[in-house]
Number of protein chains: 2
Amino acid sequence: MSETLSIGQVAERTGLSVHTLRFYEREELLTAPVTRDTGRRRVYTEDDVEWLTMCANFRATGMPLPVIRAYAALVRQGPGNEQDRLNLLREHERRIAERMSDLAACQELISYKVRVYESRVAHGTTGGL
Amino acid sequence: MSETLSIGQVAERTGLSVHTLRFYEREELLTAPVTRDTGRRRVYTEDDVEWLTMCANFRATGMPLPVIRAYAALVRQGPGNEQDRLNLLREHERRIAERMSDLAACQELISYKVRVYESRVAHGTTGGL
DNA sequence: GCTTGATCTAGAGTGCGCTCTAGCTCGCCG
DNA sequence: CGGCGAGCTAGAGCGCACTCTAGATCAAGC
């Protein structure tokens, strides 16, 4: 098993750019310090890939970097703060749900507009907005 | 009927700030030129409020300003381009649906994590990430 | 008349999350 | 040995959508 991955390989696997990977490291979003090889090149592990994939998920659902940083800090601290991590995840879960219901509401409004225009196009009628 | 509204009143009704209202006007997001009173103050109509409310909905669902600008331009042009407006709305509808399914997928992943931590907290066990 | 509060303009500043640049080093292939 | 491609750092730049500032003007109330 090749436990060691280059930044390029990690980029490919996680879908994050190498720029973003270095950026995330600077921003202290990682759960463990990235080791280096003889030439100071970063060496990643499968765990890093797993964590970074989760980060990508968090980002895709709108979690701000400071929150990810906080979560990462908890993980770095080690066992004992599971309740804190849970609270953080639940809070994010709540926000996703909120966001989805907002989206659903707007979606409905837009669907209505679409139907209006469909009927206008079908019947050759016109109207406002 | 007070057909005329000040920028402050419109801000209150639409939830957009007065800054944002002026900004949207500069950005050509409006469907009609805003008239002015004797003192060069903006005078809005109910139609403006309706349109701006729709803009707020568009923004809340992630429609970029250039797309809103394009839609506004179509409305300004008047009748005859209903098909174009419809295409634009449908495209946005599609993107909202896409976004919602992405969110749902991530939500599921996070719910799983939450369950993992719940059981850890409940049983006093520990683990990674 | 004077003050207060809303509005006006042009333009600068902000926050977020990247994204890119310049100039360097390193390991490898032929 | 030469050259390429990947990686390195520090730091600048960018895109988006606001958001705010300064300094002026105006309408209304005391």
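Just above sits the structure.
Thresholds applied
Numbering of residues starts from 1 in every chain and runs along the sequence as written. Here chains are named by letter from A upward and ligands by number from 1 upward, in the order in which they appear as written. Residues qualify for local features only when their pLDDT is at least 70, as the model is predicted, and side-chain atom pairs are given and counted only at 80 or more; totals for whole chains, interfaces and linings, by contrast, use all residues. The side-chain values count all of the structure's non-hydrogen atoms but skip hydrogen atoms and water molecules. The atoms used to superpose the copies are C-alpha atoms, taken from residues with pLDDT of at least 70 in both, and the fit is least squares. Whether two residues are in contact is decided by their heavy atoms: any pair within 4.5 Å suffices. Only one rule defines a salt bridge in this text: a Lys or Arg side-chain nitrogen within 4 Å of an Asp or Glu carboxyl oxygen. Side-chain atoms alone can form a polar contact between residues adjacent in sequence; in general such a contact is a pair of N or O atoms within 3.5 Å, and within protein one must be able to donate a hydrogen while the other accepts it. Secondary structure elements are taken from DSSP: a helix is a run of H or I of four residues or more, a strand is a run of E of two residues or more, and numbering for both begins at the N terminus. Think of it as three bins: nonpolar holds Ala, Val, Leu, Ile, Met, Phe, Trp, Tyr, Cys and Pro, charged holds Asp, Glu, Lys and Arg, and polar takes everything else, Gly as well. By nonpolar core we mean a set of buried residues, namely Ala, Val, Leu, Ile, Met, Phe, Trp, Tyr and Cys, connected to one another through side-chain atoms within 4.5 Å. Exposure categories follow from relative accessible area, calculated using a 1.4 Å probe and restricted to protein chains: below 20% of the type maximum is buried, above 50% is exposed, and the middle band is partly exposed. For every domain, the bounds stem from an assignment made automatically or drawn from a database. Any pair of Phe, Tyr and Trp rings, taking the six-membered ring for Trp, is counted once the centres come within 6.5 Å. Such a pair is stacked with planes under 30 degrees apart, edge-to-face with planes over 60 apart, and tilted for the rest. Working definition: residue near molecule or strand if any one of its non-hydrogen atoms lies within 4 Å of it. Note on charges: Lys and Arg go in the positive column, Asp and Glu in the negative column, and His and the chain ends are not counted at all.

With that settled, the discussion passes to the relation of the copies chain B and chain A. Each copy of the sequence occupies a distinct position, and chain B is placed on chain A by a rotation of 180 degrees and an axial shift of 0.0 Å, giving an RMSD of 0.0 Å. On the angle and the small slide along the axis, the relation comes out as a two-fold axis. In terms of proximity to the rotation axis, the leading residue of chain B is M100(B), whose C-alpha is 3.2 Å off the axis. When the interface residues of chain B are mapped onto chain A, 100% of them again lie at the interface, so the same face is used by both copies.

Attention now moves to the interface of chain B and chain A. In this assembly, 41 residues from chain B lie in contact with 41 residues from chain A. In this structure, the connection of chain B to chain A is made through two salt bridges. The residue R90(B) makes a salt bridge to E118(A) at a minimum N-O spacing of 2.5 Å. Linking chain B with chain A are eight residue pairs in polar contact (both at pLDDT 80 or more), by the criterion used here. Secondary-structure elements contributing two or more residues to the side of chain B that touches chain A are α3 (46-60), α4 (65-77) and α5 (82-123) of chain B. Element by element, the count of residues in the side of chain B that touches chain A is highest for α5(B), at 25 residues. Its residues assigned to classes, the side of chain B that touches chain A comprises 21 nonpolar, eleven polar and nine charged.

Attention now goes to the nonpolar core. The nonpolar side chains of a soluble globular protein tend to be buried with one another. Counting residues in each nonpolar core, the largest one holds 67 residues, and the members touching the most others are W51(A), L52(A) and W51(B). Two domains each donate at least three residues to this core, and these are domain 1 (1-78) and domain 2 (82-129) of chain B.

Let us look at the packing of aromatic side chains. Residue and element names in this part refer to chain A. Counted under the stated rule, the structure contains six aromatic pairs over all chains. Look at F23 and Y24: their rings are 6.0 Å apart centre to centre, the planes differ by 45 degrees, and that puts the pair in the tilted class. Among the residues examined, Y24 registers a relative accessible area of 6% and is labelled buried.

Attention now goes to the protein's contact with DNA strand D. As a matter of local geometry, DNA strand D sits amid 20 residues, with R22(A), R36(A), R42(A), Y24(B) and R59(B) nearest to it. For DNA strand D, the fraction of atoms within 4 Å of the protein that belong to sugar or phosphate moieties is 70%. With respect to DNA strand D, the side chain of S6(A) contributes an N or O atom lying 3.2 Å from a phosphate oxygen. In the model, a phosphate oxygen of DNA strand D is placed 2.5 Å from a nitrogen or oxygen of the R42(A) main chain. Tallying contributions element by element places helix α2 (residues 18-26) of chain B first for the surface near DNA strand D, with five residues. Of the residues that constitute the surface near DNA strand D, the class distribution is six nonpolar, five polar and nine charged.

Taken together, 20 residues form the shell around DNA strand C, and within it Y24(A), R59(A), R22(B), R36(B) and R42(B) come nearest. By atom count, sugar and phosphate contribute 67% of the portion of DNA strand C lying within 4 Å of the protein. In this structure, a base oxygen belonging to DNA strand C sits 3.0 Å away from a side-chain N or O atom of R41(A). At 2.7 Å, a side-chain N or O of R59(A) approaches a phosphate oxygen of DNA strand C. At the level of secondary structure, the elements contributing two or more residues to the surface near DNA strand C comprise α2 (18-26) of chain A together with α1 (7-14) and α2 of chain B. Per-element tally for the surface near DNA strand C: the top contributor is α2(A), with five residues.

Before going further, it helps to spend a moment on the pattern of salt bridges. Taken as a whole, this structure holds 16 salt bridges over all chains when the rule is applied. Two residues, R36(B) and E25(B), come together in a salt bridge whose shortest N-O distance is 3.8 Å. Of this pair, R36(B) sits in strand β1 (residues 35-36) while E25(B) is found in helix α2, placing the two residues eleven residues apart along the sequence. A residue is classified by how much of its surface remains accessible, and R36(B), at 41% relative accessible area, is partly exposed. Since its relative accessible area comes to 22%, E25(B) is described here as partly exposed. For R42(B), the salt bridge is made with E25(B), and the minimal N-O distance between the two is 2.5 Å. Taken as a pair, R42(B) in strand β2 (residues 42-43) and E25(B) in helix α2 lie far apart in primary sequence, 17 residues in all. Taken together, the salt bridges that share partners define one network made up of E91(A), R94(A), R95(A) and E98(A).

Mapped onto the elements, E93(A) comes out in helix α5 (residues 82-123). Summary of buried charges: E93(A) has no salt-bridge partner, and the nearest side chain of opposite charge, R90(A), is 5.5 Å away. Beyond its immediate stretch of four places on either side in the chain, E93(A) contacts Q107(B), I110(B), S111(B) and V114(B).

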